There are 2 protein chains.
Amino acid sequence: MASGAGMIEFWYEFASTYSYPAAMRVERLAKAAGVELRWKPFLLGPIFGAQGWNDSPFNIYAAKGRYMWKDLTRICAAEDIPLEKPFKFPQNGLKAARLALVAGERIGDFTRAVYTANFAEQKDIADEATLTDIVTKLGMDAEATFEAANTPENKAALKAQTDEAIKRDIFGAPWFFVGDEPFWGNDRLEDAIKWAKK
Amino acid sequence: MASGAGMIEFWYEFASTYSYPAAMRVERLAKAAGVELRWKPFLLGPIFGAQGWNDSPFNIYAAKGRYMWKDLTRICAAEDIPLEKPFKFPQNGLKAARLALVAGERIGDFTRAVYTANFAEQKDIADEATLTDIVTKLGMDAEATFEAANTPENKAALKAQTDEAIKRDIFGAPWFFVGDEPFWGNDRLEDAIKWAKK
């Protein structure tokens, strides 16, 4: 892999709680630092499955879950990011991730809208109505976008992206790569940006 | 529990990697902020056991372990804290924790010396020779200190401290409490200090 100087990859899963503040902040911070940003949606399910988990670790380990919601509340308050506990956790981000992959230049706006639906608006992000509404409000052609998202090629592309995540030792989200230098967690966003500026 | 304004509790386990930079920093930061510090050694073993782990999660989840050592290396470099991967991980911190509980006003110095032995000097902190050396260099009476550490009352006190950790939903280390406000991880030390100053 070539040096990642000047470029940051943002790996995220739409169900992931700490990916929410990261998604809302990453483009602003990258732009301010003059760092190129690549959006990398992927699925945590297969990765957690390989660790023996069939649910979010925040549900499996109850004390960890209670702490996470408190911590996330503090983080969002400090960053002025609205937060309402989702009606269901974790939500299924599969459809949203497929749409993100075909969103082209709108991927940042689409990603933030899906996270907002999930973590601020208590909407069901696995529901096509929610996603159609988001795509339409962004001025995208909903029918064409869904068609592109559901091609076998695009489904394979999301699977390939998740396989790449596994191969590159990603075990959680959000995750940042600067070249091959890994940064795990919303807490490491600033460090990753600094690394990319080197 | 009364308000914790002006006071921070630092909960730590001598085997815990991220407790190392926290232990080396906490007293300096608390002093600078005019915040009272309480040292709270405890054992993570029973807590991890209750989560179904009989080893450090950094050993159970290999990718997480690889990332942690890289992340810890970056953190220690940024803070000018020496780091050499321990000859064994995790080490058994039971004897050191019992000694910490009877170290009185020397608990900060003793704690930093044990972490340094573990994470910078590749020493065996379960070995009484290592611990005797630390206690002696601090000018403490080794024989009397070991005798106090090994009384049934002190063994029970460490068990009670670990039970309190479980009761208060502590699931990892380092951990900070400001009153009942919980902060998990070296990354949250600054936030916890800020909270204590409120």
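Worth saying up front: this structure is predicted, and the values here are computed from it rather than measured.

1. Notes on the overall build of chain A
Check the secondary structure of chain A and you find ten helices and four strands. Written out in order from the N terminus, the α and β elements of chain A read β-α-β-α-α-α-α-α-α-α-α-β-β-α. Against the 2.2 N^0.38 benchmark of 16 Å for 198 residues, chain A shows a C-alpha radius of gyration of 16 Å, consistent with a compact globule. Reported as C-alpha extents along the three principal axes, the dimensions of chain A are approximately 45 × 40 × 35 Å. Counting every position in chain A, which comprises 198 residues, the buried fraction comes to 56%. The contacts in chain A between residues at least 6 apart in sequence include a share of 73% that link residues at least 24 apart. Here chain A has roughly 8,900 Å² of accessible surface; of this, 52% comes from carbon and sulfur atoms. Counting 25 positive and 28 negative side-chain charges, chain A places the centres of these two groups 5 Å from one another.

2. A few points about the confidence of the model for chain A
Per-chain confidence: chain A averages 95 in pLDDT, with 98% of residues scoring 70 or above. Among the prediction metrics, the complex's ipTM stands at 0.92, with pTM recorded as 0.94.

3. Considerations on the interface of chain B and chain A
Chain B puts 21 residues into the contact, and the matching count from chain A is 21 residues. In this assembly, chain B packs against chain A so that about 2,100 Å² is buried in total across both faces, 53% of it on carbon and sulfur atoms. Counting the surface chain B buries against chain A, the share from its top three residues, Tyr67, Arg74 and Arg188 of chain B, is 28%. The tally of links from chain B across to chain A stands at ten salt bridges.

4. Observations concerning the relation of the copies chain B and chain A
Related by rotation about an axis and a shift along that axis, the two copies of the chain form a pair. Mapping chain B onto chain A is achieved by rotating through 180° and translating by 0.0 Å along the same axis, at an RMSD of 0.0 Å. Taken together, the rotation and translation relating the two chain copies correspond to the operation of a two-fold axis. Distance from the rotation axis, computed per C-alpha, reaches its smallest value in chain B at aspartate 187 of chain B: 3.8 Å. Both copies present the same face, since 100% of the interface residues in chain B are matched by interface residues at the equivalent positions in chain A.

5. Let's talk about the environment of alanine 117 of chain A
Residue and element names in this part refer to chain A. Here alanine 117 shows up in helix 6 (residues 107-119). As a C-alpha pair, alanine 117 and glycine 49 span 68 residues in sequence and 26 Å in three-dimensional space. Beyond its immediate chain neighbours, meaning those up to four positions away, alanine 117 contacts Gln122, Lys123, Ile125, Thr130 and Ile134.

6. Quick notes on the pairing of strand 1 (residues 7-12) of chain B
For a regular strand, side chains alternate in direction, first toward one face of the sheet and then toward the other. All names here are of chain B. In terms of residue burial, strand 1 counts as a mostly covered element, since six of its six residues are buried. Where burial is concerned, the two faces of strand 1 agree: the one with Met7, Glu9 and Trp11 and the one with Ile8, Phe10 and Tyr12 are both buried. Bridge count for strand 1 against strand 2 (residues 36-41) is six bridges, and the pairing is parallel. Looking at strand 2, one finds that tyrosine 12 is bridged to proline 41. This β-α-β element, strand 1 to helix 1 (residues 19-33) to strand 2, shows right-handed connectivity. In the sheet, strand 1 pairs with strand 3 (residues 175-178) via three bridges, with the strands oriented antiparallel. Residue pairing in the sheet places glutamate 9 in a bridge with phenylalanine 177 of strand 3.

7. A short note on the sheet that holds strand 2 (residues 36-41) of chain A
All names here are of chain A. Strand order in the open sheet made by the four strands is 2-1-3-4, with mixed pairing throughout. Two strands lie at the open edges of the sheet, namely strand 2 and strand 4 (181-184), each paired on one side alone. Each neighbouring strand pair of the sheet contributes to a mean axis angle of 20°, computed without reference to strand direction. Sheet topology places strand 3 (residues 175-178) next to strand 4; four bridges connect them, and they run antiparallel. Bridge pairing in strand 4 places valine 178 opposite glutamate 181.

8. Describing the pattern of salt bridges
Taken as a whole, this structure holds 38 salt bridges over all chains when the rule is applied. One salt bridge in this structure joins aspartate 109 of chain A and arginine 106 of chain A, with 3.4 Å as the shortest N-O distance. By relative accessible area, which is 30% here, aspartate 109 of chain A ends up partly exposed. Each member of the salt-bridge network shares a partner with another, and the members are Lys70, Asp71, Arg74 and Asp187 of chain A together with Glu181 and Arg188 of chain B.

9. Digging into the side chain of serine 56 of chain A
Residue and element names in this part refer to chain A. The residue serine 56 is located in the loop between helix 2 (45-50) and helix 3 (57-60) in this model. Side-chain polar atoms of serine 56 contact the backbone nitrogen of phenylalanine 58, separated by 3.0 Å. Excluding residues that lie within four positions of it along the chain, serine 56 makes contacts with Phe48, Phe89 and Pro90.

10. Observations concerning helix 8 (residues 142-149) of chain B
All names here are of chain B. Along helix 8, the positions that sit buried rather than exposed are Ala142, Thr145, Phe146 and Ala149. Along the axis of helix 8, the buried residues cluster in a sector spanning 95°; they form a single face. Opposite the buried face of helix 8, by more than 90 degrees, sit the exposed residues Glu143 and Glu147. Regarding helix 8, its N-cap is aspartate 141, as a side-chain oxygen of that residue lies 3.1 Å from the backbone nitrogen of glutamate 143 further along.

11. With respect to the nonpolar core
Judged by nonpolar contacts, the single largest core of 53 residues is most densely connected at Ile8, Phe10, Tyr12, Phe14, Phe110, Val114 and Phe176 of chain A. A total of seven residues in this core trace back to one element, the largest contributor, which is helix 1 (residues 19-33) of chain A. The contacts of phenylalanine 10 of chain A, once residues within four sequence positions are left out, are Ser19, Ala22, Ala23, Val26, Leu37, Arg38, Trp39, Lys40, Pro174, Trp175 and Phe176 of chain A. Ile8, Ile75, Ala120 and Leu138 of chain B belong to the second-largest nonpolar core, a separate cluster that totals 52 residues.

12. Topic: helix 6 of chain A
All names here are of chain A. With 13 residues, helix 6 should cover 18 Å at 1.5 Å per step; its first-to-last C-alpha distance of 18 Å lies within 8% of that length. In terms of burial, helix 6 is largely enclosed, as eleven of its 13 residues are buried. Buried residues of helix 6: Ile107, Gly108, Phe110, Thr111, Arg112, Val114, Tyr115, Thr116, Ala117, Asn118 and Phe119, and no others. Each element contacted by the buried residues of helix 6 is listed here: strand 1 (7-12), helix 1, strand 2, helix 4 (62-78), helix 5 (94-101) and helix 7 (128-137).

Reading the values: rules and limits
- Sequence order as written defines residue numbering, which begins from 1 separately in each chain.
- Lettering of chains starts at A and numbering of ligands starts at 1, both following the order in which they are written.
- It should be noted that, the model being predicted, local features are given only for residues of pLDDT at least 70 and side-chain atom pairs only at 80 or more, the latter also being counted only at that level, while totals for whole chains, interfaces and linings use all residues.
- Hydrogens and water molecules were not included; the side-chain quantities draw on all heavy atoms of the structure.
- By definition, any uninterrupted DSSP run of H or I lasting at least four residues is a helix, any uninterrupted run of E lasting at least two residues is a strand, and each is numbered from the N terminus.
- The size measure is the radius of gyration over C-alpha atoms, and the globule rule it meets is 2.2 Å times the number of residues to the 0.38 power.
- We call a residue buried when its accessible area falls under 20% of the maximum for its residue type, exposed when it is over 50%, and partly exposed in between, using a 1.4 Å probe and counting protein chains only.
- The contact criterion used is simple: two residues touch if any of their non-hydrogen atoms lie within 4.5 Å.
- The accessible surface values rely on the Shrake-Rupley method and a 1.4 Å probe; as for residues, cover is taken only from the protein chains in view.
- We score Asp and Glu as negative and Lys and Arg as positive, and we do not count His or the chain ends.
- Just so you know, the charge point we use is NZ for Lys, CZ for Arg, CG for Asp and CD for Glu.
- Each residue carries a pLDDT score, the predictor's confidence in it, ranging from 0 to 100.
- Accessible area that two parts lose when put together, with a 1.4 Å probe and added across both, is what the buried area reports.
- Salt-bridge detection follows one rule: a side-chain nitrogen of Lys or Arg within 4 Å of a carboxyl oxygen of Asp or Glu.
- Residues below a pLDDT of 70 in either copy are left out; the C-alpha atoms of the rest, at least 70 in both, set the least-squares superposition of the copies.
- In this analysis, strands are considered paired if DSSP registers two or more bridges between them.
- With its strands directed away from the observer, a crossover is right-handed exactly when the path from the first strand over the helix to the second travels clockwise.
- Comment: axis = line fitted to C-alpha atoms, over the contacting stretch for helices; angle = value between 0 and 180 degrees taken between N-to-C directions.
- Under this definition, polar contacts are N or O atom pairs within 3.5 Å; protein pairs additionally need one hydrogen-donor-capable and one acceptor-capable atom, and for neighbouring residues in sequence, both atoms have to be side-chain atoms.
- This arc is taken over the directions from the axis of the helix to the C-beta atoms.
- Take the buried residues of types Ala, Val, Leu, Ile, Met, Phe, Trp, Tyr and Cys, join any two whose side-chain atoms come within 4.5 Å, and each joined set is a nonpolar core.
- In this analysis, the expected span of each helix is defined as 1.5 Å times one less than the number of residues it contains.

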